[in-house]
Amino acid sequence: MSTAVENVKEQAGQLIDAAKPARSTLRQWRRKGPTKSALKKAAKEAEKAKKKAEAAAKAKEMEQARAAGEKDYAADRYGKLPLHQSQSRPGRKYTDISALSAQNDGEKVFIRARVQTSRLQGNKMVFLNLRQRTSTVQALLQVSAELVSKQMVKWAGSLADESIVLVDGTVTKSPTPIKSATVEDVEIHISELWLLAGLENRLPFSLEDASRSETAPEVEGQFNRVLLDTRLNNRVFDLRTVTNHAIFKLQHAIGDLFRTYLNNNGFIEIHSPKLQGAATESGASVFKVDYFKGNAFLAQSPQLAKQMAIAADFERVYEIAPVFRAEDSNTHRHLTEFVGLDLEMTIEEHYHEVRDLLDGMFKAIFRGLKEQYAKEIAVVGRQFEAEEFKWREGPEGTLVLTFKEAVDILVEDGVDREKLDDINTENEKRLGRLVKAKYDTDYFIVDKFPLALRPFYTMPDPADPTLSNSYDFFMRGEEILSGAQRIHDPEFLSQQMRAKGVDPDSMKGYLDGFRMGCPPHGGGGIGLERVLMLYLKLNNIRRASLFPRDPKRLEP
């Protein structure tokens, strides 16, 4: 028992000894701690911070209370629409922005458009620039009692550029012209605004930058020049510019004018296959594809089909269709796939009947573009500045040079005659500049090419077998059409095929069409994109192709 008591006393003593340093430290802290004035100052600052925090919390609470109490009376007039799944068909009339004018003042309109730009003015007003194709109009959304709320204005100001919206509003005449829109004399006062389709990705560049003149100097910090590759990599967005809309409306116009002219001159449109058993031009520039257990080739032109249609007594035919060329040419004027405008017709007396009809067709296209599409040409001209395209009309007619005369013009300008067995791209442009300077025309024809430069089906000249009944048409010094009288005699055709290294047996179906009798005929092939590029002077054929294909591009 005494031993246990002694043990307890010993443990208690140890605890007391252990506590001594702590008591000593506490006494030292009390001696060295902050002064009374410092403690008083700290207490005041703490009290001040507490009051500030309480005031901020109270202000936030009051703001939340005000916001909660402020009714959004426009909640049923704006917002994001549910996914469009053709849920209903109310039959509302949609307004075309391009049709608006001061005469529509006071009218109610319903518009689907893109938000090109938005400009929020405080918390009570927002301006939207609405776009449909190449037309724009300014729209105004302003707070008004029981109609447009602050929440509605704030939401409208947050819409991303290029969002697609539905706008219900009233046309209001503007007292001053609105220079930022194509429709300058009116604006739309919005009463309802609905988001039909928003954006998921960041825009690759601004449409404003993409629409600037190609000759405008780049100013750092103000705008960026959008390079062609960047445009083509984001082609869908790039195509939204007003310039591109105008370009492809003009492309449509060329095809339409081509078709109309030929329809009015007794032609019918045909549609030939693009998969063929043999190359139509030359094996070096043809795409070979697998075709079940064998091979097929993508058509380099509808040449053979056109001629067979003539042998079938169609008399006059044309086609607008894709053409494929496997040429590894990364130039400003070559594509591996382009749209061909091709025609073929019987000849009554002379192959110049074909040449003259083609000439009349081109002039009809040029006139149609100038007279019917001046607005679109002007839109393109603001970005791609160029002299107006010129051609000759009236009694003097189109300038026609023989190949020899074209060579002589180049020789007179210092080109070595020995280098002019063929007129290459550089000399074509040089010839174009010389012709423009001398004859004041951007459009001319070169006739009577050397036979060695033409395909196997080209008819030789009757007086000089080294020449051919063939022609090329030129715009701004670049070839846009190649054509000729074709060989319609099967034996002579076989002979010419062998001379060009083509095995007649490989094209038996083509030759057989001539063995049953075929009239004399001729025609030509035109590259749609090249005509468009040169008429507008776009400087690169890829700008004239919706989704261009070249040796380095298969997307998008």
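Anything mentioned here points back to the structure above.
Because the structure is predicted, anything quoted here is derived from the model rather than measured.

Details of the layout of surface pockets
Empty space within the second largest pocket amounts to approximately 940 Å³. Forming the boundary of the second largest pocket are 35 residues, of which Gln116, Thr136, Ser180, Glu208 and Ser211 lie nearest the centre. Of all elements in the fold, only strand 2 (108–121), strand 3 (125–132), strand 4 (135–142), helix 4 (207–210), helix 7 (242–263) and helix 10 (374–383) reach the threshold of two or more residues within the lining of the second largest pocket. For the lining of the second largest pocket, the element with the highest residue contribution is helix 10, accounting for five residues. A breakdown of the residues in the lining of the second largest pocket according to their chemical character gives 10 nonpolar, 14 polar and 11 charged.

Considering the side chain of Glu376
Its location among the elements puts Glu376 in helix 10. Using a relative accessible area of 11% as the deciding quantity, one classes Glu376 as buried.

A closer look at the environment of Met507
Relative to the helices and strands, Met507 is located in the loop between helix 13 (490–499) and helix 14 (508–515). In this structure, the C-alpha to C-alpha distance between Met507 and Leu304, residues 203 residues apart in sequence, is 9.7 Å. Excluding anything up to four places from it in sequence, Met507 contacts Ala278, Ala279, Leu304, Phe456, Met497 and Val502.

Topic: helix 15 (residues 528–536)
The element helix 15 is extensively covered by neighbouring structure, given that nine of its nine residues are classed as buried. Listed in full, the buried residues belonging to helix 15 are Leu528, Glu529, Arg530, Val531, Leu532, Met533, Leu534, Tyr535 and Leu536. Looking one or two residues past helix 15, Lys537 carries a phi angle of roughly 55 degrees, positive in sign.

Let's talk about helix 11 (residues 403–412)
In an α-helix there are 3.6 residues to a turn, and that puts residues three or four apart on one side. For helix 11, the full list of buried residues reads Phe403, Ala406, Val407, Asp408, Ile409 and Leu410. Those residues of helix 11 that are buried are in contact with strand 13 (399–402), helix 12 (425–439) and strand 14 (443–447). Positive backbone phi, at 105 degrees, marks Gly414, one or two positions downstream of helix 11.

As for the packing of helix 8 (residues 303–311) against helix 14
Following both chains from N to C, one finds helix 8 and helix 14 inclined at 25 degrees, their axes separated by 9 Å at the closest point. One element, helix 8, and the other, helix 14, form an angle in the roughly parallel class. Two packed elements cross with a definite hand, and for helix 8 against helix 14 that hand is left-handed. In this structure, helix 8 uses Leu304, Gln307, Met308 and Ala311 to contact helix 14, whose residues at the interface are Gly509, Tyr510, Gly513 and Phe514.

Considerations on empty space enclosed by the protein
Vacant regions in the atomic arrangement are exposed by a probe of water-molecule size rolled over the atoms. The tally for this structure, following the rule as stated, stands at two cavities of 30 Å³ or more. As a volume, the largest cavity reaches approximately 100 Å³. Around the largest cavity, the lining comprises 13 residues; the ones closest to its centre are Arg231, Asp238, Asn244, Phe384 and Arg543. Among the secondary structure elements, those contributing two or more residues to the lining of the largest cavity are helix 5 (228–233), helix 6 (235–238) and helix 7.

Quick look at the sheet that holds strand 9 (residues 288–291)
Judged by pairing direction, the sheet is antiparallel, and its three strands sit side by side in the order 8-10-9 without closing on themselves. Two strands close off the open sheet at either side, each with one partner strand: strand 8 (275–276) and strand 9. Bridge count between strand 8 and strand 10 (residues 294–298): two bridges; the pairing is antiparallel. Directly across from Leu275, in strand 10, lies its bridge partner Leu298.

Concerning the environment of Arg259
Note that Arg259 resides in helix 7. We classify Arg259 as partly exposed; its relative accessible area is 28%. In sequence terms Arg259 and Met361 are 102 residues apart; their C-alpha atoms lie 9.6 Å from each other.

About the criteria used
Residues numbered from 1 in each chain as written. Predicted model: local features only at pLDDT ≥ 70, side-chain atom pairs only at ≥ 80, totals over all residues. Heavy atoms only, no water. 1 Å grid on protein atoms, 1.4 Å probe; cavity = no way out; pocket = protein on both sides within 12 Å on 5 of 7 lines; lining within 4 Å. Points joined across faces, edges and corners; volume = space filled by probe spheres on them. Helix = DSSP H or I, 4+ residues; strand = E, 2+ residues; numbered from the N terminus. Nonpolar A, V, L, I, M, F, W, Y, C, P; charged D, E, K, R; others polar. Buried < 20%, exposed > 50% of the residue type's maximum accessible area, 1.4 Å probe, protein only. Contact = heavy atoms within 4.5 Å. Axes fitted to C-alpha atoms, helices over the stretch in contact; angles between N-to-C directions. Parallel < 35°, antiparallel > 145°, perpendicular 65-115°, else oblique. Left-handed = near helix turned anticlockwise from the far one by under 90°. Pairing = 2+ DSSP bridges.

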